[in-house]
Amino acid sequence: MISFTRSRQTRRKFLRLSHRYIGVVSAVFLILIAATGTAINHLKDVGMEDSVLTWPPLLRWYGLSNGPQEIVSFNTDSGVLVSWMNSQLFLGKEPLQLEQIVDSPLLGIVEGPGFLAAATSDSITLLTRTGVLIDRLGQENLPGRIRKFGSKADSFFIDTPNGQFRTTSSFLSWTQAPSVNEQVAWSSQRPTPAAVRKQLLDTYQGGGISLQQFLLDLHSGRILGIGPWISDLSALAILLLAISGIINWRRLPR
Amino acid sequence: MSYPLGRAHLLLVLILLSVPMPLLADEVYKEPQVFLRESFAGDIPEPAALWIVGEKKAVAADVLGHPPAALRERYWKQGSRVAWILEEVGKARPITVGILVDNNVIRKLDVLVYRETRGWEVRYPVFTNQFKGAELEGGKTLNQPVDGITGATLSVYALKKLARLALYYSQLVNDS
Amino acid sequence: MIKRTAFVFGLAGSLATPVVIAEEARNSDEQLWQVIEEQQKRIETLEDSMNASDGVQVNDKGSAQSGARDFHIGGYGSIRAESNNLDADQDTFTFRRFVLTGDGKINDRLEAYFELEFERFGAIELEKGASAGSDGFSAGQAIEGTNGSEISMEQAWARYRINDSVNLDMGALLVPLGRFNINHDDNQWNLTRRTLVDRGAPVLPNKAAWPELGLGFSGLVETRAGLVDYRLYAVNGVNLDFEFEGEVAAEPAGNSTIGVTKFEAGFAPSRGGFSNDLNGNKAITGRLGLLPEPGQEFAVSGYYGRYTPDFMDSESVWSVAVDGLHTFGGFEFEYEVVHTDWGNIDDVAASFARAAVDKEVEAKISAEGGETTEVVSEITLGGLAESRTGYWIEARYPFWPKALDNTFLGRGFGNPSLEPTVRMEQVVVRNRITGIEFSNRQITNLEKEKSSIVNRVTLGLAYRPVPDWVISFATEYTWTDEQTLAGLTNFIPAGEDEDSVLAFSTGVAYTF
C-alpha cells in the first residue's frame, strides 16, 4: 500500500523495488502466458490444430488414466485399411461388431479370395470384405503364438516360436513350412492416416488431449486443476507492473 | 471377554480342513484339443467347415433365438462321427461346449469353458450325461427330456440350444 | 517464415515439459520407420520376456475372453394386478419390486455381485429449509413419498474362488435357509405371491429376501452320490431392532379437540445390521444340498444365533429347514419345511421390561384457554412367538402344445412353456405375544395366543415365453381357524370377522 505520508524518496524506492520483485516472480508465468498465447494463435499455420497428445503421465493428470491405447493399422494389397484400437477392430473408420473382443494388438492382415484375415498373437479372424465375421481361429486352432503373418501365392503363412506354418485359403489346417522363406510377403504395419486416427480416437475414446486444449490449459493455469487463478494473478501482476512502471517513469528524477 | 467369533471361526476352519482340495482349477475344464482326442480315440481328423448361410442360417437363428455369430462353423468328421465346438451365452457370458454326434445321435456333450458366475452345476457329468442318446425330433426339438437345475435355468437353456444346433448341423454334414 | 518462427517460439517456450506429439506431426519418412521399428522391437521384447518365463504361454486358457474383466448389469421386476373380497383391500396394481443386479467378473477366480431392490417404490422426497425473520427462526424437514416405498440392499458380496469346491464369500449374503431365500427372484416362480413360510407369515427368522452381513465358504463337490452343494457362513444375524413411528391425531372432546402427538419405538426381530451389530454375538447359518441327478434335489439347512441386543439378557433363535425338488413323469414337486424356535420369550419380555422401564408415558399439556395436547411416548415389543412351523409344497406340469407354435404365443420363442401350478401352504404359530404391558421395569401383563394356523391354497397358470419371463394367473384362498386373519400375516388387512380371503391376480415377472 503506497502511503502518502512517507517521503517522496521512500515512495519511489518502494515502487522501484515492488516493480522489480513482482517482475521477477511473475517472469516465469508471464513467459509461459506469452509463449502459450502465441502458440495457440499460430497452431493452424503449422497445421497442428488437430494434433493430439498421448503422453501417459499427461493423460493420467487429465484423469484419462487408461488413455487410448496405441492404434495399429495395416493395409491390404487392395488398399483396405484395418486398424486395431482398445480391443476393437476397425475397417477403415467403422468399427466391426464382432461378438468377441480382440484382446491383443493386430499383428498383420492379409487378403484372400473374397475375405480378409486379421491376425493377433493368439487368434486369426476371418472377415468378408464388408466386415461380416466368417470364422475365428483361437489359440487351440493355431500351431503356436503368431509373430508374423503373411502370404505367398495362394498360401498363408504364420511365423511362430515353433517354426513357420502354412495353410490354404480355407484356414482349416496347418502344415509346417521350411523355416526360412524369403518370398513370403509378411504383413507389416502402416502409420494410421491422420483422418482415421482422429475419427477413431474422437468417436471411441474421446481423444487423448488435443494440443490446443493443452496449450489453453497451460495458458490459463487451469492445468493445475485450481481454475484460472494463475492466469488471473498474472493479469493482476501485469497490471501492477504496468502501473508501477508508469509511476516510476513519471517520477524519474528530472 | 470371550471372543464371540471364536466358535464360528473354529467351525469354519474345521470344515475347510476336511474338504479335499483338488488342484487349483479355473474355468477351462477341458481343453478343446483334449475333447477332440477323446472323441476320435487320439486320431483327430482334419477340420472342415460348414457354411451357415441362407436357409441354414434361418434355421440356426430359430434354434438359437438370434442369428449365429459367424458365417461358418468348423467341425471334425470321421466316418459317422462328427464333433463340434460351439459357444452360446447363458445369462451374460459365453459357454463353450464340445458335442460329439454319431449317426445323428449325441454321443457326448462336454462343457469345455464355463464363464458365468453361477449355475456351474451344469458343467458336471451329472448334468451333461442327460444329453447322451438325444436326437432331433420333428427337426427341431430334442427327443428326450433334459431336466434343469434350480438356479441354472439359462445355462441349461443354452446347452439345450447347442445340442439341437449340433444335431441339425450334423444332419447337414451327413446329407452332403 | 515469421508465422513459423512465432509458432516455434511459442511452442518452445510453452513446452518446458517433454511431451510426445502424435505421430502425424513428424513428417519425415525416416521418423515414420523409426516408429514402426520401435513398435516391432517392443513386441519382440514382450515375446522374449514371456517365452523366458518357463515356457509358459500367456493366455493359455483357451480363448481371449477367458479371464477377461467384465461387468454385466441386469435385473428383474414384477408387477401384480389383484382383486379380492376383503373389505379393506381395494382392487389394485402393485409394483411388487424392481431389482437391479450387477455381476462383475474380475478374472477366473474373483467375482463380485450386488442386488439392489426397490420394493413398492414410487418416490421418496426430502425437503429441508430454514428461515429467519422478524417473527423468529425456524428449521424444518419433511419427507414425502409413496406409501410402502422401500429400498434395500439385498446382496453385495465378493467371492474368492479357491477352486470349484471351495469359494470364500464375503459381504451381504443371502441366508441359505430353505430353498426360497437363495432363489427368490420373482421371475423364477410361477405364482404371483411369495410363500407364507418365507414372506407372508414368515417362519424364517426374517422374511425373504433375507441377507446378512458376514463371510463364509461355499462350493460344489462332485461325489459318487451326486453333486454336493454346501454353504456355511458366520454373519451378524437377526436382532431385536426397533421401528420409530410418529403420529399426529385429533380427538374430539366435548366442545374442544385434544391434539395428540405420539412417538413409538416398536421392537421386533429384524434383519441384521450392516454397520454395528446390536450384540457382539455372530450367528451361524449353513446349508447342505445333494443333487443325485438333474430333477432331484434335496437339502437341509439351519440357522443359530443370539437375537437379543446388548442391553438385554442373551437369548438365541434357531431354525432348521428341509427342502427339495423332485421330478416324475413330467411333474415337478417342490417343497420346503421350516421350524423356528425363539427360545424363552417370557424371559425376553421380562428382560425387555427391565431395560425399557415403562411401556407408555403420557403427558397432558393444558393451555389457558382449555385446549389440551397429549404427548405420548411408547416403547413396545412385538412380533415374537415361542416357535413357528410351516411348509409349502408346489406341484407343476410344464408342457407346450405344438399347435401353439405358430400362434403369437409361440412365434419367435425357442422354448416356450405353459405350466399349471398348485401350491399348498400352512404356517403354525405357537404362543405369539399379542399384548405386552410393563411399568417400573416389571411386566404387568403379557398376552399370548396359544396357537394359530394360517392356510393357503393357490391354483395358477404360468406362461413362459422364454425360461426366465413369466406371465401368470392365480387364484388364492387363504383361511384360518381363528376369528380373523388380522395379525396373522404381514400383508392381509383383514377385518374383525374376516377369517378367509379369496383373491384373483395376474402378474408379470421379467428379467434382463
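Residues numbered from 1 in each chain as written. Chains lettered and ligands numbered in written order. Predicted model: local features only at pLDDT ≥ 70, side-chain atom pairs only at ≥ 80, totals over all residues.

J.: What is the right way to look at the overall build of chain A in this model?
T.: Within chain A, the secondary structure is distributed over five helices and 16 strands. Across the 254 residues of chain A, 30% fall into the buried class. Summarising the internal contacts of chain A: among those between residues at least 6 apart in sequence, 51% fall at separations of at least 24. (Helix = DSSP H or I, 4+ residues; strand = E, 2+ residues; numbered from the N terminus. Buried ≥ 20, exposed ≤ 12 C-beta atoms within 10 Å, placed from the backbone. Contact = placed C-beta atoms within 7 Å.)

J.: Even after reading the chapter, I still don't get the domain arrangement of chain A, so can you show me in this structure?
T.: A common measure of how large an interface is: the accessible area buried when the components associate. Entries for chain A in the domain assignment read domain 1 (8-52 + 211-250) and domain 2 (68-205). Spacing between the C-alpha centres of domain 1 of chain A and domain 2 of chain A amounts to 51 Å. (Domains from an automatic or database assignment.)

J.: How do you make sense of the sheet that holds strand β16 (residues 360-366) of chain C when you look at a structure like this?
T.: Strand pairing in a sheet relies on backbone hydrogen bonds, with the paired strands running either antiparallel or parallel. All names here are of chain C. Taken in spatial order, the four strands make up an open sheet running β10-β11-β17-β16, and their pairing is mixed. Two strands in the sheet have a free side with no partner beyond their single neighbour: β10 (239-253) and β16. Taken pair by pair, the neighbouring strands of this sheet meet at an average axis angle of 10°, ignoring direction. (Pairing = 2+ DSSP bridges. Axes fitted to C-alpha atoms, helices over the stretch in contact; angles between N-to-C directions.)

J.: Would you explain the packing of helix α3 (residues 55-64) of chain B against helix α5 (residues 153-175) of chain B in this entry?
T.: Working note: a packed helix pair is described by the angle between its axes plus the distance between those axes. Residues and elements named next belong to chain B. Direction vectors running N to C along α3 and α5 enclose 160°, while the axes themselves pass 9 Å from each other. As far as their axial angle goes, α5 and α3 are roughly antiparallel. Crossing angle aside, the handedness with which α3 passes α5 is right-handed. Mapping the contact onto sequence places K56, V59, A60, V63 and L64 in α3 and K161, R164, L165, Y168 and L172 in α5. (Parallel < 35°, antiparallel > 145°, perpendicular 65-115°, else oblique. Left-handed = near helix turned anticlockwise from the far one by under 90°.)

J.: Explain unusual backbone geometry here, please?
T.: Glycine aside, residues mostly have negative phi angles, and peptide bonds mostly take the trans form. At the junction of A208(C) and A209(C), the peptide bond is cis and its omega measures out at 0° in the coordinates. Positionally, A209(C) belongs in the loop between α3 (196-200) and β8 (211-223). A positive phi angle, close to 50°, is found at A41(B), a residue other than glycine. For A41(B), a count of 9 C-beta atoms within 10 Å translates into the label exposed.

J.: Explanation requested: the UniProt feature "transmembrane region" (unreviewed entry) in chain A in the structure shown.
T.: With numbering aligned to this structure, UniProt lists the feature "transmembrane region" (unreviewed entry) at residues 21-40 and 229-249 of chain A. Across residues 21-40 of chain A one finds 100% helix and 0% strand; the C-alpha atoms that close the span lie 29 Å apart. (UniProt positions renumbered as here; feature names shortened; annotations may be inferred.)

J.: Looking at this structure, how should I read the sheet that holds strand β8 (residues 123-128) of chain A?
T.: Residues and elements named next belong to chain A. One open sheet holds the four strands; their spatial order is β6-β7-β8-β9, and the pairing between them is antiparallel. Two strands bound the open sheet, and with one partner strand each, they are β6 (106-112) and β9 (133-137). Direction aside, neighbouring strands of the sheet carry axes that sit 15° apart on average. Across four bridges, β8 lies against β9 in antiparallel orientation. Following the sheet pairing, L126 is matched in β9 by D135.

J.: How should the pairing of strand β13 (residues 296-306) of chain C be read in this particular structure?
T.: It is a general feature of regular strands that their side chains alternate between the two faces of the sheet. Residues and elements named next belong to chain C. Examined bridge by bridge, strand β12 (residues 283-293) and β13 share eight bridges and lie antiparallel to one another. Pairing of I284 across the sheet is with Y304, part of β13. As consecutive antiparallel partners, β12 and β13 are separated by two residues, and within that stretch G295 has a phi angle of approximately 95°, a positive value. In terms of strand pairing, β13 meets strand β14 (residues 316-328) through 11 bridges, oriented antiparallel.

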